[in-house]
Amino acid sequence: MKTDDSRDAASKTDLAQMQGTWQLVSAMEDGEKLTEDKVKQTSIVVEGNTFRFPGLAEDATSTAGTFTLDAIKRPKEIDSMSTEKEVMLGIYEMGDDSYKICFAPAGKSRPSEFASTLGNHQILQFWQRQKKQ
């Protein structure tokens, strides 16, 4: 059994890695692929445990809010709370300069796998770190 200290350390490592500006690479919601135009217009900025979508956020869970990570769970878990206090439960997986994330609709159970299929209403997103200009 993992201790709270190891949970905190792992979650802090992932949180540090998640800092910065990310560009959406692809997304699906309820089994429908987000159009290329909308994907290209969507970015997210992570600062501390806050997030905001500075531009178009049509497929966003919310335009801004906070989140908490649990990097010990498998798959890793994320809880996101919008500025409107809407909570969405999700899972995530970090890469070096990328991450994937899958959210259930507000009020629904956390996803158990990275999948967005017709009828499950889950949002599956792939993000790539924006290169410094």
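Before any of the text, the structure's been laid out above.
From a predicted model like this one, the values you see are computed outputs, not experimental measurements. (Residues numbered from 1 in each chain as written. Predicted model: local features only at pLDDT ≥ 70, side-chain atom pairs only at ≥ 80, totals over all residues. Heavy atoms only, no water.)

Another point: the packing of aromatic side chains. In total, this model carries 4 aromatic pairs according to the counting rule given. Arranged with centres 4.9 Å apart and planes meeting at 80 degrees, the rings of tryptophan 22 and tyrosine 99 form a pair that is edge-to-face. Here tryptophan 22, found in strand 1 (residues 20-29), pairs with tyrosine 99, found in strand 8 (residues 98-103); they are 77 residues apart in sequence, far enough to count as distant. The pair formed by tryptophan 22 and tyrosine 99 is uniform in burial state, with each residue classed as buried. (Phe/Tyr/Trp six-rings, centres within 6.5 Å; stacked < 30°, edge-to-face > 60°. Helix = DSSP H or I, 4+ residues; strand = E, 2+ residues; numbered from the N terminus. Buried < 20%, exposed > 50% of the residue type's maximum accessible area, 1.4 Å probe, protein only.)

What follows concerns the pattern of salt bridges. Tallied over the entire structure, the rule returns 7 salt bridges. Within this structure, Asp70, Lys73, Glu77, Asp79 and Arg110 form a network of salt bridges that share partners. (Salt bridge = Lys/Arg side-chain N within 4 Å of Asp/Glu carboxyl O.)

The first and last C-alpha atoms of helix 1 (residues 4-18) sit 21 Å apart over 15 residues, in line with the 21 Å expected at 1.5 Å per residue. Buried residues of helix 1: Ser11, Asp14 and Met18, and no others. What you see down the axis of helix 1 is that its buried residues fit within an arc of 60 degrees, all on one side. Facing away from the buried side of helix 1 by over 90 degrees, the exposed positions are Asp5, Lys12 and Ala16. Looking one or two places after helix 1, you find glycine 20, whose phi comes out positive at around 120 degrees. (Expected span 1.5 Å × (residues − 1). Arc of directions from axis to C-beta.)

Our next topic: the pairing of strand 7 (residues 87-94). As paired elements, strand 6 (residues 76-82) and strand 7 share 6 bridges and run antiparallel to each other. Directly across from aspartate 79, in strand 7, lies its bridge partner leucine 89. Here strand 6 hands over to strand 7 after 4 residues, with lysine 85 in that stretch at a positive phi of 70 degrees. Where strand 7 meets strand 8, 5 bridges bridge the pair, whose relative direction is antiparallel. Residue pairing across strands places methionine 94 opposite tyrosine 99, the latter belonging to strand 8. (Pairing = 2+ DSSP bridges.)

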